[in-house]
Amino acid sequence: MTETLLHNDKVISIHNLCKSFGDNKVLDGFNLELNRGETLVVLGRSGSGKSVLIKCIIGLMEPDAGEINVLGQNMLSLDHEQLDRLRVQIGFLFQSNALYDSMTVRENLEFPMRRHWYKISQEETNSRIKEVLENVGLPHTADMVPAELSGGMQKRIALARTLILNPDIILYDEPTTGLDPITGREITNLMGEIQDKYKTSAIVISHDMRCVKATADKIIVLLNGKCYAQGTFDELKSSNDKNIKQFFE
Amino acid sequence: MEIPKSIKLFLTQTGELAKFTGRFFSEAFHPHYEFREFIRQCYIIGYKSLPLLGITGFIMGLVLTMQLRPTLVDYGAESMLPSMISLSVVREIGPVITALIFAGKIGSSIGAELGSMRVTEQIDAMEVSGTNPYRYLVVTRVAATTVMLPLLIILSDAVGLYGGYLGVNIHAITSYKLYMTQAFNVLDFYDVLPAIIKTFFFGFAIGIIGCYKGYYSKKGTEGVGLSANSAVVISSLVIFILDLIAVQITGILGYN
(Lines give C-alpha, C1' and ligand atoms only; values in the text may rest on other atoms or scores of the structure.)
Protein backbone atom coordinates (compact mmCIF):
# COMPACT_ATOMS: atom_id res chain seq x y z
CA MET A 1 0.00 0.00 0.00
CA THR A 2 2.83 2.43 0.89
CA GLU A 3 4.31 1.80 -2.53
CA THR A 4 1.00 2.64 -4.16
CA LEU A 5 0.87 5.92 -2.27
CA LEU A 6 4.36 6.91 -3.29
CA HIS A 7 3.32 6.72 -6.91
CA ASN A 8 -0.13 8.12 -6.36
CA ASP A 9 -0.53 11.01 -3.94
CA LYS A 10 -4.32 10.86 -3.92
CA VAL A 11 -5.54 9.65 -0.54
CA ILE A 12 -9.21 9.61 -1.51
CA SER A 13 -10.69 9.38 -4.97
CA ILE A 14 -14.38 9.00 -5.68
CA HIS A 15 -15.90 8.32 -9.07
CA ASN A 16 -19.53 8.38 -10.14
CA LEU A 17 -20.90 7.95 -6.64
CA CYS A 18 -24.68 7.45 -6.51
CA LYS A 19 -26.93 7.18 -3.49
CA SER A 20 -30.71 7.43 -3.37
CA PHE A 21 -33.29 7.29 -0.60
CA GLY A 22 -36.47 6.17 -2.33
CA ASP A 23 -37.00 8.56 -5.23
CA ASN A 24 -34.66 11.16 -3.77
CA LYS A 25 -31.30 11.01 -5.55
CA VAL A 26 -28.92 12.47 -2.97
CA LEU A 27 -25.69 11.71 -4.83
CA ASP A 28 -25.89 11.37 -8.58
CA GLY A 29 -22.54 10.66 -10.21
CA PHE A 30 -20.44 12.60 -7.70
CA ASN A 31 -16.66 12.81 -8.18
CA LEU A 32 -13.97 13.95 -5.73
CA GLU A 33 -10.22 13.72 -5.29
CA LEU A 34 -8.28 14.51 -2.13
CA ASN A 35 -4.51 14.84 -2.22
CA ARG A 36 -2.15 14.06 0.64
CA GLY A 37 -1.89 16.93 3.16
CA GLU A 38 -4.77 18.81 1.56
CA THR A 39 -7.94 20.08 3.26
CA LEU A 40 -11.00 19.91 1.06
CA VAL A 41 -14.27 21.57 2.03
CA VAL A 42 -17.57 20.30 0.65
CA LEU A 43 -20.13 23.10 0.47
CA GLY A 44 -23.79 22.46 -0.09
CA ARG A 45 -27.24 23.29 1.22
CA SER A 46 -28.82 21.32 4.07
CA GLY A 47 -30.03 17.96 2.81
CA SER A 48 -27.81 18.11 -0.27
CA GLY A 49 -26.01 14.89 0.71
CA LYS A 50 -22.77 16.15 2.27
CA SER A 51 -23.06 13.99 5.39
CA VAL A 52 -24.16 11.04 3.24
CA LEU A 53 -20.98 11.51 1.21
CA ILE A 54 -18.60 11.25 4.17
CA LYS A 55 -20.62 8.40 5.68
CA CYS A 56 -20.14 6.53 2.40
CA ILE A 57 -16.39 7.24 2.58
CA ILE A 58 -16.07 5.78 6.09
CA GLY A 59 -18.35 2.84 5.24
CA LEU A 60 -21.30 3.76 7.44
CA MET A 61 -23.53 3.87 4.36
CA GLU A 62 -23.33 1.77 1.26
CA PRO A 63 -23.61 3.69 -2.03
CA ASP A 64 -25.88 2.40 -4.80
CA ALA A 65 -23.15 2.72 -7.42
CA GLY A 66 -19.70 4.21 -7.97
CA GLU A 67 -16.21 3.74 -6.67
CA ILE A 68 -14.51 4.94 -3.49
CA ASN A 69 -10.74 4.52 -3.20
CA VAL A 70 -9.18 5.38 0.15
CA LEU A 71 -5.41 5.11 0.62
CA GLY A 72 -5.20 2.93 -2.48
CA GLN A 73 -7.93 0.50 -1.42
CA ASN A 74 -11.37 0.12 -2.90
CA MET A 75 -13.64 0.62 0.14
CA LEU A 76 -16.56 -1.19 -1.42
CA SER A 77 -14.68 -4.46 -1.97
CA LEU A 78 -13.29 -4.77 1.58
CA ASP A 79 -14.57 -7.31 4.08
CA HIS A 80 -15.38 -6.25 7.63
CA GLU A 81 -11.92 -6.94 9.02
CA GLN A 82 -10.13 -5.11 6.19
CA LEU A 83 -12.53 -2.20 6.61
CA ASP A 84 -11.74 -2.01 10.34
CA ARG A 85 -8.01 -1.98 9.57
CA LEU A 86 -8.46 0.83 7.04
CA ARG A 87 -10.64 2.80 9.47
CA VAL A 88 -7.66 3.06 11.85
CA GLN A 89 -6.22 5.50 9.31
CA ILE A 90 -9.41 7.56 9.02
CA GLY A 91 -10.70 9.76 11.82
CA PHE A 92 -14.32 10.88 11.84
CA LEU A 93 -15.55 13.87 13.82
CA PHE A 94 -19.30 13.55 14.21
CA GLN A 95 -21.58 16.57 14.11
CA SER A 96 -23.12 15.54 17.44
CA ASN A 97 -19.66 14.60 18.83
CA ALA A 98 -20.99 11.06 19.55
CA LEU A 99 -19.10 10.77 22.83
CA TYR A 100 -20.13 7.68 24.82
CA ASP A 101 -22.05 9.32 27.62
CA SER A 102 -21.82 6.34 29.98
CA MET A 103 -18.00 6.49 29.89
CA THR A 104 -15.47 9.00 31.23
CA VAL A 105 -13.30 11.03 28.86
CA ARG A 106 -10.42 8.59 29.48
CA GLU A 107 -12.62 5.59 28.63
CA ASN A 108 -13.89 7.39 25.53
CA LEU A 109 -10.31 7.86 24.37
CA GLU A 110 -9.28 4.32 25.31
CA PHE A 111 -12.18 2.77 23.43
CA PRO A 112 -10.83 3.04 19.84
CA MET A 113 -7.36 1.95 21.03
CA ARG A 114 -8.68 -1.12 22.82
CA ARG A 115 -10.78 -2.09 19.83
CA HIS A 116 -8.17 -1.61 17.13
CA TRP A 117 -4.95 -2.52 18.91
CA TYR A 118 -5.46 -5.44 21.17
CA LYS A 119 -1.92 -5.54 22.53
CA ILE A 120 -1.22 -1.93 23.47
CA SER A 121 0.39 -1.48 26.90
CA GLN A 122 -1.27 0.59 29.62
CA GLU A 123 1.75 2.90 29.67
CA GLU A 124 1.46 3.61 25.95
CA THR A 125 -2.31 4.12 26.34
CA ASN A 126 -1.80 6.65 29.15
CA SER A 127 0.87 8.58 27.28
CA ARG A 128 -1.31 8.79 24.15
CA ILE A 129 -4.29 10.00 26.16
CA LYS A 130 -2.13 12.63 27.84
CA GLU A 131 -0.73 13.77 24.50
CA VAL A 132 -4.06 14.17 22.71
CA LEU A 133 -5.71 15.87 25.68
CA GLU A 134 -2.83 18.36 25.81
CA ASN A 135 -3.13 18.91 22.07
CA VAL A 136 -6.78 19.89 22.40
CA GLY A 137 -6.05 21.99 25.50
CA LEU A 138 -8.01 19.92 28.02
CA PRO A 139 -5.47 17.90 30.03
CA HIS A 140 -7.53 18.08 33.25
CA THR A 141 -10.70 16.44 31.92
CA ALA A 142 -9.62 12.77 31.75
CA ASP A 143 -11.82 11.64 34.65
CA MET A 144 -14.87 13.73 33.80
CA VAL A 145 -17.94 12.41 31.99
CA PRO A 146 -19.21 14.13 28.80
CA ALA A 147 -22.25 15.57 30.59
CA GLU A 148 -19.91 17.67 32.78
CA LEU A 149 -18.33 19.34 29.73
CA SER A 150 -19.53 22.33 27.70
CA GLY A 151 -20.38 21.98 23.98
CA GLY A 152 -17.00 23.34 22.92
CA MET A 153 -15.14 21.07 25.33
CA GLN A 154 -17.11 18.06 24.08
CA LYS A 155 -16.13 18.96 20.52
CA ARG A 156 -12.47 19.12 21.58
CA ILE A 157 -12.70 15.73 23.30
CA ALA A 158 -14.39 14.28 20.20
CA LEU A 159 -11.48 15.68 18.19
CA ALA A 160 -9.03 14.14 20.66
CA ARG A 161 -10.74 10.76 20.20
CA THR A 162 -10.44 11.20 16.44
CA LEU A 163 -6.72 11.94 16.81
CA ILE A 164 -5.84 9.15 19.22
CA LEU A 165 -5.09 6.64 16.48
CA ASN A 166 -2.93 9.13 14.52
CA PRO A 167 -5.11 8.99 11.39
CA ASP A 168 -3.88 9.95 7.92
CA ILE A 169 -7.26 11.38 6.98
CA ILE A 170 -9.82 13.22 9.11
CA LEU A 171 -13.44 13.67 8.05
CA TYR A 172 -15.13 16.58 9.81
CA ASP A 173 -18.93 16.64 9.79
CA GLU A 174 -19.92 20.27 10.46
CA PRO A 175 -17.29 20.85 13.18
CA THR A 176 -18.47 24.31 14.24
CA THR A 177 -22.24 23.86 14.00
CA GLY A 178 -24.04 24.61 17.26
CA LEU A 179 -21.09 26.45 18.79
CA ASP A 180 -20.87 30.14 19.61
CA PRO A 181 -18.64 32.21 17.23
CA ILE A 182 -15.71 32.35 19.69
CA THR A 183 -15.71 28.60 20.38
CA GLY A 184 -16.25 27.97 16.67
CA ARG A 185 -13.14 30.02 15.93
CA GLU A 186 -11.18 28.08 18.57
CA ILE A 187 -12.19 24.79 16.96
CA THR A 188 -11.24 26.15 13.52
CA ASN A 189 -7.80 27.17 14.85
CA LEU A 190 -7.43 23.76 16.47
CA MET A 191 -8.17 22.07 13.14
CA GLY A 192 -5.39 24.13 11.56
CA GLU A 193 -2.95 23.26 14.36
CA ILE A 194 -3.77 19.57 13.99
CA GLN A 195 -3.24 19.74 10.25
CA ASP A 196 0.17 21.39 10.79
CA LYS A 197 1.26 19.00 13.51
CA TYR A 198 0.01 15.66 12.21
CA LYS A 199 0.13 16.45 8.46
CA THR A 200 -3.31 14.97 7.97
CA SER A 201 -5.50 15.23 4.90
CA ALA A 202 -9.06 16.30 5.61
CA ILE A 203 -12.53 16.60 4.19
CA VAL A 204 -14.62 19.22 5.97
CA ILE A 205 -18.38 19.56 5.70
CA SER A 206 -19.26 23.05 6.85
CA HIS A 207 -21.60 25.99 6.41
CA ASP A 208 -19.46 28.26 8.55
CA MET A 209 -17.72 30.42 5.95
CA ARG A 210 -15.16 31.64 8.49
CA CYS A 211 -14.17 28.02 9.12
CA VAL A 212 -14.23 27.29 5.39
CA LYS A 213 -11.95 30.26 4.63
CA ALA A 214 -9.49 29.33 7.38
CA THR A 215 -9.22 25.65 6.58
CA ALA A 216 -9.92 25.06 2.88
CA ASP A 217 -7.17 24.43 0.36
CA LYS A 218 -9.86 23.52 -2.13
CA ILE A 219 -13.66 23.77 -2.10
CA ILE A 220 -16.20 21.57 -3.87
CA VAL A 221 -19.77 22.77 -4.28
CA LEU A 222 -22.25 19.89 -4.09
CA LEU A 223 -25.45 20.64 -5.97
CA ASN A 224 -28.16 18.22 -7.14
CA GLY A 225 -25.96 15.30 -6.17
CA LYS A 226 -23.12 16.37 -8.45
CA CYS A 227 -19.85 18.24 -8.11
CA TYR A 228 -21.15 21.60 -9.38
CA ALA A 229 -17.93 23.59 -9.07
CA GLN A 230 -14.53 23.43 -7.46
CA GLY A 231 -11.69 25.80 -6.75
CA THR A 232 -9.99 27.77 -4.02
CA PHE A 233 -11.92 30.03 -1.64
CA ASP A 234 -10.96 33.17 -3.56
CA GLU A 235 -11.77 31.64 -6.95
CA LEU A 236 -15.25 30.62 -5.90
CA LYS A 237 -15.85 33.86 -4.02
CA SER A 238 -15.24 35.85 -7.19
CA SER A 239 -17.54 33.61 -9.26
CA ASN A 240 -20.61 35.20 -10.87
CA ASP A 241 -22.64 31.98 -10.76
CA LYS A 242 -25.67 32.61 -8.53
CA ASN A 243 -25.60 29.06 -7.10
CA ILE A 244 -22.04 29.63 -5.89
CA LYS A 245 -22.43 33.28 -4.92
CA GLN A 246 -25.21 32.53 -2.42
CA PHE A 247 -22.74 30.73 -0.13
CA PHE A 248 -20.45 33.75 0.06
CA GLU A 249 -23.07 36.47 0.57
CA MET B 1 -58.15 -4.70 -1.94
CA GLU B 2 -55.37 -2.70 -0.35
CA ILE B 3 -53.86 -3.97 2.89
CA PRO B 4 -54.42 -1.47 5.76
CA LYS B 5 -51.34 0.53 6.76
CA SER B 6 -51.34 -0.80 10.34
CA ILE B 7 -51.28 -4.42 9.16
CA LYS B 8 -48.49 -3.61 6.69
CA LEU B 9 -46.48 -2.00 9.50
CA PHE B 10 -47.09 -4.96 11.81
CA LEU B 11 -45.97 -7.46 9.16
CA THR B 12 -42.90 -5.37 8.25
CA GLN B 13 -41.82 -5.01 11.87
CA THR B 14 -42.39 -8.72 12.55
CA GLY B 15 -40.20 -9.56 9.55
CA GLU B 16 -37.50 -7.13 10.64
CA LEU B 17 -37.58 -8.51 14.19
CA ALA B 18 -37.21 -12.05 12.81
CA LYS B 19 -34.18 -10.93 10.77
CA PHE B 20 -32.75 -9.13 13.79
CA THR B 21 -33.17 -12.32 15.87
CA GLY B 22 -31.56 -14.42 13.13
CA ARG B 23 -28.59 -12.06 13.12
CA PHE B 24 -28.24 -12.60 16.89
CA PHE B 25 -27.57 -16.32 16.37
CA SER B 26 -25.06 -15.73 13.58
CA GLU B 27 -23.18 -13.04 15.57
CA ALA B 28 -23.39 -14.71 18.99
CA PHE B 29 -21.45 -17.79 17.92
CA HIS B 30 -18.83 -15.90 15.95
CA PRO B 31 -15.33 -15.55 17.48
CA HIS B 32 -14.31 -12.21 19.13
CA TYR B 33 -16.65 -12.59 22.07
CA GLU B 34 -17.34 -9.44 24.05
CA PHE B 35 -16.94 -11.28 27.37
CA ARG B 36 -16.11 -8.24 29.51
CA GLU B 37 -19.15 -6.36 28.29
CA PHE B 38 -21.31 -9.45 28.83
CA ILE B 39 -20.20 -9.66 32.48
CA ARG B 40 -20.83 -5.90 32.90
CA GLN B 41 -24.33 -6.31 31.48
CA CYS B 42 -25.01 -9.31 33.76
CA TYR B 43 -24.09 -7.07 36.69
CA ILE B 44 -26.31 -4.20 35.52
CA ILE B 45 -29.22 -6.35 34.35
CA GLY B 46 -29.06 -9.07 37.00
CA TYR B 47 -27.50 -7.79 40.20
CA LYS B 48 -29.06 -4.33 40.05
CA SER B 49 -32.54 -5.82 39.56
CA LEU B 50 -32.26 -7.97 42.69
CA PRO B 51 -33.86 -5.57 45.22
CA LEU B 52 -36.89 -4.75 43.03
CA LEU B 53 -37.60 -8.35 42.05
CA GLY B 54 -36.96 -9.58 45.62
CA ILE B 55 -39.47 -7.13 47.09
CA THR B 56 -42.14 -7.83 44.46
CA GLY B 57 -41.61 -11.59 44.88
CA PHE B 58 -42.08 -11.28 48.63
CA ILE B 59 -45.27 -9.20 48.31
CA MET B 60 -46.57 -11.58 45.64
CA GLY B 61 -46.27 -14.59 47.98
CA LEU B 62 -47.71 -12.73 50.96
CA VAL B 63 -50.72 -11.32 49.10
CA LEU B 64 -51.45 -14.63 47.39
CA THR B 65 -51.57 -16.37 50.79
CA MET B 66 -53.80 -13.71 52.30
CA GLN B 67 -56.21 -13.91 49.36
CA LEU B 68 -56.31 -17.72 49.22
CA ARG B 69 -56.73 -18.37 52.92
CA PRO B 70 -60.41 -17.33 53.43
CA THR B 71 -61.60 -19.53 50.53
CA LEU B 72 -59.64 -22.54 51.76
CA VAL B 73 -60.93 -21.99 55.33
CA ASP B 74 -64.51 -22.09 53.98
CA TYR B 75 -63.83 -25.52 52.47
CA GLY B 76 -61.92 -26.71 55.53
CA ALA B 77 -58.81 -27.10 53.40
CA GLU B 78 -56.54 -24.62 55.17
CA SER B 79 -53.81 -27.22 55.43
CA MET B 80 -53.54 -27.19 51.62
CA LEU B 81 -52.37 -23.56 51.70
CA PRO B 82 -48.57 -24.22 51.47
CA SER B 83 -49.05 -26.65 48.56
CA MET B 84 -51.27 -24.23 46.65
CA ILE B 85 -48.89 -21.35 47.16
CA SER B 86 -45.86 -23.29 46.01
CA LEU B 87 -47.62 -24.67 42.91
CA SER B 88 -48.97 -21.25 41.91
CA VAL B 89 -45.73 -19.41 42.58
CA VAL B 90 -43.35 -21.90 40.97
CA ARG B 91 -45.42 -22.85 37.95
CA GLU B 92 -47.07 -19.62 36.91
CA ILE B 93 -47.23 -16.49 39.01
CA GLY B 94 -43.53 -16.30 39.86
CA PRO B 95 -42.21 -16.58 36.28
CA VAL B 96 -44.88 -14.39 34.66
CA ILE B 97 -45.04 -11.56 37.20
CA THR B 98 -41.26 -11.42 37.63
CA ALA B 99 -40.80 -11.41 33.84
CA LEU B 100 -43.33 -8.57 33.48
CA ILE B 101 -41.55 -6.45 36.09
CA PHE B 102 -38.22 -7.30 34.49
CA ALA B 103 -39.62 -6.20 31.10
CA GLY B 104 -40.68 -2.90 32.66
CA LYS B 105 -37.32 -2.25 34.25
CA ILE B 106 -34.81 -3.75 31.81
CA GLY B 107 -36.73 -3.74 28.49
CA SER B 108 -37.41 -0.01 28.78
CA SER B 109 -33.87 0.82 29.87
CA ILE B 110 -32.33 -1.15 26.97
CA GLY B 111 -34.77 0.46 24.49
CA ALA B 112 -34.02 3.97 25.78
CA GLU B 113 -30.26 3.47 26.07
CA LEU B 114 -29.75 2.05 22.58
CA GLY B 115 -32.28 4.53 21.18
CA SER B 116 -30.39 7.51 22.55
CA MET B 117 -27.10 5.99 21.37
CA ARG B 118 -28.57 5.71 17.87
CA VAL B 119 -29.92 9.27 17.90
CA THR B 120 -26.63 10.77 19.11
CA GLU B 121 -24.59 8.76 16.56
CA GLN B 122 -22.79 6.79 19.30
CA ILE B 123 -23.57 3.52 17.51
CA ASP B 124 -21.99 4.92 14.31
CA ALA B 125 -18.98 6.10 16.34
CA MET B 126 -18.60 2.58 17.69
CA GLU B 127 -18.57 1.14 14.19
CA VAL B 128 -15.97 3.67 13.06
CA SER B 129 -13.86 2.68 16.09
CA GLY B 130 -13.54 -0.87 14.78
CA THR B 131 -16.30 -2.37 16.91
CA ASN B 132 -19.21 -4.38 15.63
CA PRO B 133 -22.00 -2.50 17.47
CA TYR B 134 -24.44 -5.38 17.10
CA ARG B 135 -22.07 -7.78 18.82
CA TYR B 136 -20.99 -5.27 21.45
CA LEU B 137 -24.40 -3.84 22.32
CA VAL B 138 -27.05 -6.35 21.26
CA VAL B 139 -25.49 -9.79 21.71
CA THR B 140 -24.17 -8.98 25.20
CA ARG B 141 -27.47 -7.52 26.41
CA VAL B 142 -29.65 -10.30 25.00
CA ALA B 143 -27.30 -12.98 26.39
CA ALA B 144 -27.37 -11.24 29.78
CA THR B 145 -31.18 -11.03 29.94
CA THR B 146 -31.47 -14.68 28.83
CA VAL B 147 -29.11 -15.89 31.56
CA MET B 148 -30.10 -13.51 34.33
CA LEU B 149 -33.91 -13.69 34.20
CA PRO B 150 -34.13 -17.42 35.13
CA LEU B 151 -31.80 -16.80 38.10
CA LEU B 152 -33.85 -13.81 39.20
CA ILE B 153 -37.05 -15.83 38.89
CA ILE B 154 -35.64 -18.63 41.03
CA LEU B 155 -34.74 -16.04 43.65
CA SER B 156 -38.11 -14.33 43.37
CA ASP B 157 -39.91 -17.71 43.75
CA ALA B 158 -37.87 -18.46 46.89
CA VAL B 159 -38.63 -15.06 48.41
CA GLY B 160 -42.30 -15.47 47.35
CA LEU B 161 -42.51 -18.80 49.21
CA TYR B 162 -41.03 -17.14 52.27
CA GLY B 163 -43.65 -14.36 51.94
CA GLY B 164 -46.26 -17.12 51.83
CA TYR B 165 -44.85 -18.60 55.03
CA LEU B 166 -45.22 -15.24 56.81
CA GLY B 167 -48.76 -14.91 55.36
CA VAL B 168 -49.73 -18.33 56.74
CA ASN B 169 -48.45 -17.30 60.17
CA ILE B 170 -50.61 -14.16 60.37
CA HIS B 171 -53.61 -16.22 61.44
CA ALA B 172 -52.18 -19.53 62.59
CA ILE B 173 -48.84 -20.76 63.84
CA THR B 174 -47.15 -23.08 61.38
CA SER B 175 -43.53 -24.09 61.75
CA TYR B 176 -41.10 -23.17 58.95
CA LYS B 177 -40.17 -26.83 58.53
CA LEU B 178 -43.78 -27.99 58.19
CA TYR B 179 -44.59 -25.20 55.74
CA MET B 180 -41.59 -25.93 53.54
CA THR B 181 -42.12 -29.70 53.66
CA GLN B 182 -45.72 -29.28 52.48
CA ALA B 183 -44.69 -26.71 49.88
CA PHE B 184 -41.98 -28.91 48.34
CA ASN B 185 -43.81 -32.26 48.69
CA VAL B 186 -46.34 -31.25 46.09
CA LEU B 187 -43.73 -30.10 43.57
CA ASP B 188 -42.13 -32.54 41.20
CA PHE B 189 -39.66 -32.40 38.34
CA TYR B 190 -42.39 -31.67 35.76
CA ASP B 191 -43.57 -28.62 37.69
CA VAL B 192 -40.16 -27.04 38.05
CA LEU B 193 -38.44 -27.83 34.75
CA PRO B 194 -40.97 -26.41 32.25
CA ALA B 195 -41.35 -23.32 34.46
CA ILE B 196 -37.58 -22.74 34.39
CA ILE B 197 -37.22 -23.47 30.66
CA LYS B 198 -39.86 -20.93 29.68
CA THR B 199 -38.07 -18.21 31.66
CA PHE B 200 -35.08 -18.46 29.29
CA PHE B 201 -37.45 -17.64 26.44
CA PHE B 202 -38.96 -14.76 28.43
CA GLY B 203 -35.48 -13.34 29.05
CA PHE B 204 -34.48 -13.72 25.42
CA ALA B 205 -37.71 -12.05 24.21
CA ILE B 206 -37.30 -9.08 26.59
CA GLY B 207 -33.67 -8.58 25.52
CA ILE B 208 -34.15 -8.93 21.79
CA ILE B 209 -37.28 -6.74 21.63
CA GLY B 210 -35.66 -4.00 23.76
CA CYS B 211 -32.54 -4.07 21.60
CA TYR B 212 -34.50 -4.12 18.32
CA LYS B 213 -36.61 -1.15 19.33
CA GLY B 214 -33.57 0.83 20.53
CA TYR B 215 -31.23 -0.14 17.69
CA TYR B 216 -33.69 1.04 15.04
CA SER B 217 -34.96 4.00 17.01
CA LYS B 218 -36.26 6.94 14.98
CA LYS B 219 -34.42 10.23 15.25
CA GLY B 220 -35.31 12.71 17.98
CA THR B 221 -36.34 12.50 21.61
CA GLU B 222 -39.80 11.27 20.62
CA GLY B 223 -38.17 8.31 18.90
CA VAL B 224 -36.25 7.38 22.05
CA GLY B 225 -39.40 7.59 24.19
CA LEU B 226 -41.31 5.51 21.68
CA SER B 227 -38.54 2.87 21.64
CA ALA B 228 -38.60 2.54 25.43
CA ASN B 229 -42.38 2.44 25.56
CA SER B 230 -42.92 -0.05 22.73
CA ALA B 231 -40.11 -2.28 24.08
CA VAL B 232 -42.11 -2.73 27.31
CA VAL B 233 -45.52 -3.07 25.66
CA ILE B 234 -44.42 -5.61 23.04
CA SER B 235 -42.26 -7.69 25.37
CA SER B 236 -45.09 -7.85 27.97
CA LEU B 237 -47.46 -9.10 25.28
CA VAL B 238 -44.90 -11.60 24.01
CA ILE B 239 -44.41 -12.94 27.57
CA PHE B 240 -48.12 -13.84 27.73
CA ILE B 241 -48.02 -15.38 24.25
CA LEU B 242 -44.94 -17.45 25.15
CA ASP B 243 -46.61 -18.50 28.40
CA LEU B 244 -49.67 -19.64 26.48
CA ILE B 245 -47.48 -21.65 24.09
CA ALA B 246 -45.58 -23.18 27.04
CA VAL B 247 -48.85 -24.26 28.72
CA GLN B 248 -50.03 -25.84 25.47
CA ILE B 249 -46.75 -27.72 25.03
CA THR B 250 -46.65 -29.02 28.61
CA GLY B 251 -50.33 -29.98 28.22
CA ILE B 252 -49.62 -31.96 25.05
CA LEU B 253 -46.68 -33.67 26.77
CA GLY B 254 -48.95 -34.52 29.72
CA TYR B 255 -47.13 -32.46 32.34
CA ASN B 256 -50.04 -30.20 33.35
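Preceding this paragraph is the structure being described.
Let us look at the structure shown here. None of these values were measured; they are calculated from a predicted model. (Residues numbered from 1 in each chain as written. Chains lettered and ligands numbered in written order. Predicted model: local features only at pLDDT ≥ 70, side-chain atom pairs only at ≥ 80, totals over all residues. Heavy atoms only, no water.)

1. Thoughts on the overall build of chain A
- When you go through chain A residue by residue, the secondary structure sums to 10 helices and 10 strands.
- Taking 18 Å as the expected radius of gyration for a compact globule of 249 residues, we find that chain A reaches 18 Å, a close match to that expectation.
- Every one of the 249 residues in chain A was classed for burial, and the buried ones make up 54%.
- For chain A, the distance from the average position of its 28 positive side-chain charges to the average position of its 34 negative side-chain charges is 3 Å. (Helix = DSSP H or I, 4+ residues; strand = E, 2+ residues; numbered from the N terminus. Rg over C-alpha atoms; globule rule 2.2 N^0.38 Å. Buried < 20%, exposed > 50% of the residue type's maximum accessible area, 1.4 Å probe, protein only. Lys, Arg positive; Asp, Glu negative; His and termini not counted. Charge placed at Lys NZ, Arg CZ, Asp CG, Glu CD.)

2. Quick notes on the packing of aromatic side chains
- In this structure the tally under the stated criterion is 21 aromatic pairs over all chains.
- Summarising the aromatic geometry, the rings of Phe92(A) and Phe94(A) are spaced 4.4 Å apart at their centres and angled 40° between planes, so their arrangement reads as tilted. Neither Phe92(A) nor Phe94(A) differs from the other in exposure class; each is buried.
- Seen from their ring centres, Tyr212(B) and Tyr216(B) are 5.7 Å apart, and the 65° between their planes marks the pair as edge-to-face. (Phe/Tyr/Trp six-rings, centres within 6.5 Å; stacked < 30°, edge-to-face > 60°.)

3. Some details on the sheet that holds strand E10 (residues 226-231) of chain A
Residues and elements named next belong to chain A.
- An order of E6-E7-E8-E3-E9-E10 is seen for the six strands of this open sheet, with the pairing classed as mixed. The open sheet has two free edges, formed respectively by strand E6 (90-93) and E10, since each of these has just one partner strand. When strand polarity is set aside, the average angle formed by the axes of neighbouring strands in this sheet is 20°.
- Its contacts with the sheet place helix H2 (residues 50-58) against strand E3 (39-43), E6, strand E7 (169-173), strand E8 (201-205) and strand E9 (218-223), and it is angled at close to 150° to E7. (Pairing = 2+ DSSP bridges. Axes fitted to C-alpha atoms, helices over the stretch in contact; angles between N-to-C directions. Contact = heavy atoms within 4.5 Å.)

4. Regarding the interface of chain B and chain A
- Taken residue by residue, the interface counts 14 residues in chain B and 21 residues in chain A.
- Both sides of the chain B and chain A interface together cover about 1,700 Å² of buried area, and 48% of this is carbon and sulfur.
- Our enumeration of links across chain B and chain A arrives at one salt bridge.
- The shortest N-O distance in the salt bridge between Glu121(B) and Lys55(A) comes to 3.2 Å.
- No other element matches the six residues that helix H5 (residues 122-128) of chain B contributes to the side of chain B that touches chain A.
- Residue composition of the side of chain B that touches chain A, grouped by class: four nonpolar, five polar and five charged. (Buried area = accessible area lost by both parts, 1.4 Å probe. Salt bridge = Lys/Arg side-chain N within 4 Å of Asp/Glu carboxyl O. Nonpolar A, V, L, I, M, F, W, Y, C, P; charged D, E, K, R; others polar.)

5. Focus on unusual backbone geometry
Residue and element names in this part refer to chain A.
- Residues other than glycine seldom take positive phi values, yet asparagine 166 does so here, at roughly 50°.
- Among the structural elements, asparagine 166 can be located in the loop between helix H6 (151-163) and E7.
- Even without glycine at this site, lysine 199 takes up a positive phi of about 55°.
- Here lysine 199 is to be found in the loop between helix H7 (181-198) and E8.
- With a relative accessible area of 59%, lysine 199 lands in the exposed category.

6. Brief notes about the sheet that holds strand E5 (residues 73-74) of chain A
Residues and elements named next belong to chain A.
- Reading across the sheet, the four strands line up as E2-E1-E4-E5 and stay open at both edges, with antiparallel pairing between neighbours. The open sheet has two edge strands with one neighbour each: strand E2 (24-35) and E5.
- Bridge count between strand E1 (residues 10-21) and E2: nine bridges; the pairing is antiparallel. In the strand pairing of E2, leucine 17 is matched with phenylalanine 30.
- The sheet strands contacting H2 are E1, E2 and strand E4 (65-70), and the helix crosses E1 at an angle near 120°.

7. Remarks on the packing of helix H4 (residues 81-119) of chain B against helix H6 (residues 133-171) of chain B
Residues and elements named next belong to chain B.
- In the contact formed by H4 and H6, the axes pass within 7 Å of each other and the chain directions differ by 145°. In the crossing of H4 with H6, the sense of the turn from one axis to the other is right-handed.
- When the residues that make up the contact of H4 with H6 are grouped by side-chain class, the tally is 18 nonpolar, six polar and three charged. (Left-handed = near helix turned anticlockwise from the far one by under 90°.)

8. Side note on the pattern of salt bridges
- This structure, assessed with the given rule, holds 20 salt bridges over all chains.
- The partner of Arg85(A) in a salt bridge is Glu81(A), and the shortest N-O contact between them spans 3.7 Å. Of this pair, Arg85(A) and Glu81(A) both sit in helix H3 (residues 80-87), four residues apart, which is roughly one turn of that helix.
- The salt bridge involving Glu27(B) is made with Arg135(B); its shortest N-O contact spans 3.1 Å. Pair noted here: Glu27(B) is in helix H1 (residues 5-28) and Arg135(B) is in helix H6, with a separation of 108 residues, a long-range link. Comparing Glu27(B) with Arg135(B) shows no difference in burial state: the two are buried.
- Salt bridges linked by common partners bring Glu37(B), Arg40(B), Glu113(B) and Arg141(B) together as one network.

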